[in-house]
Amino acid sequence: MGNGAKAAQKRERNAKKAGGDAKSQLKVNEAAKSIQCTICKQTFLGTANATLLTQHAENKHSKTIAECFPGKA
C-alpha cells in the first residue's frame, strides 16, 4: 500500500468524522458587518479598528473618522 492510498483512506475517515457537509461562513460574515460609513454606505466588520476606519475616511473621502463614522472616533 503506497502513501497515496493512505492519504485517501485518511481523507475518507476524516470526512466521516466531520459529519459530511461543509458549512459556509458567508451569512455569518455579512451579519457581522455592523459598522457603516455614513457617506458611501460601505460596511465594515464590527471588529474593525480605528486605524482601518481612519484610512477609509481620509483616503476615500478626505474627511475625518468622526464625519464618516459618528460614535467611532
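Overview of the structure. Because the structure is predicted, anything quoted here is derived from the model rather than measured. Along each chain, residues carry numbers from 1 onward, in the same order as the chain's sequence is written. Whole-chain, interface and lining totals are the exception, using all residues; otherwise, since this is a predicted model, local features are given only for residues with pLDDT of at least 70 and side-chain atom pairs are given and counted only at 80 or more. Side-chain metrics rest on all non-hydrogen atoms present in the structure, leaving aside hydrogens and water.

Section: the overall build of the chain
Moving on, step 1. To qualify as a helix, a DSSP run of H or I must reach at least 4 residues; to qualify as a strand, a run of E must reach at least 2; elements of each kind are numbered from the N terminus. The number of helices and strands found in the chain is four helices and two strands.
Moving on, step 2. In the chain, the succession of α and β elements from N to C terminus is α-α-β-β-α-α.
Moving on, step 3. Two things to know: the radius of gyration comes from C-alpha atoms, and the globule rule equals 2.2 Å times the number of residues to the power 0.38. Against the compact-globule benchmark of 11 Å for 73 residues, the chain has a radius of gyration of 22 Å, which places it well outside the compact range.
Moving on, step 4. Considering only C-alpha atoms, the chain reaches an extent of 65 × 20 × 15 Å along its principal axes.

Describing the environment of Asn-29
Moving on, step 1. Looking at where Asn-29 falls in the secondary structure, it is placed in helix 2 (residues 26-31).
Moving on, step 2. Remark: the alpha-carbon pair of Asn-29 and Leu-45, spanning 16 residues in sequence, is separated by 7.8 Å.

Focus on helix 3 (residues 50-61)
Moving on, step 1. The span expected for a helix works out to 1.5 Å for each residue beyond the first. When the terminal C-alpha atoms of helix 3 are compared, their 16 Å separation across twelve residues agrees well with the 16 Å that a helix rising 1.5 Å per residue should span.
Moving on, step 2. Buried means the residue's accessible area, taken with a 1.4 Å probe over protein chains only, is under 20% of the maximum for its type, while exposed means over 50%, and partly exposed covers the values in between. By the burial criterion, the buried members of helix 3 are Leu-53, His-56, Ala-57 and His-61. Each buried residue of helix 3 lies within a common arc of 95° when the element is viewed along its axis, so the set occupies one face. The exposed residues of helix 3 that point more than 90 degrees off its buried face are Thr-51 and Asn-59.
Moving on, step 3. The inward-facing, buried residues of helix 3 contact strand 1 (35-36), strand 2 (43-44) and helix 4 (65-68).
Moving on, step 4. Just downstream of helix 3 lies Ser-62, where phi reads positive at about 55°. As used here, the arc is the angular range of directions from the helix axis to the C-beta atoms. Contacts are assigned to residue pairs that have any heavy atoms within 4.5 Å of one another.

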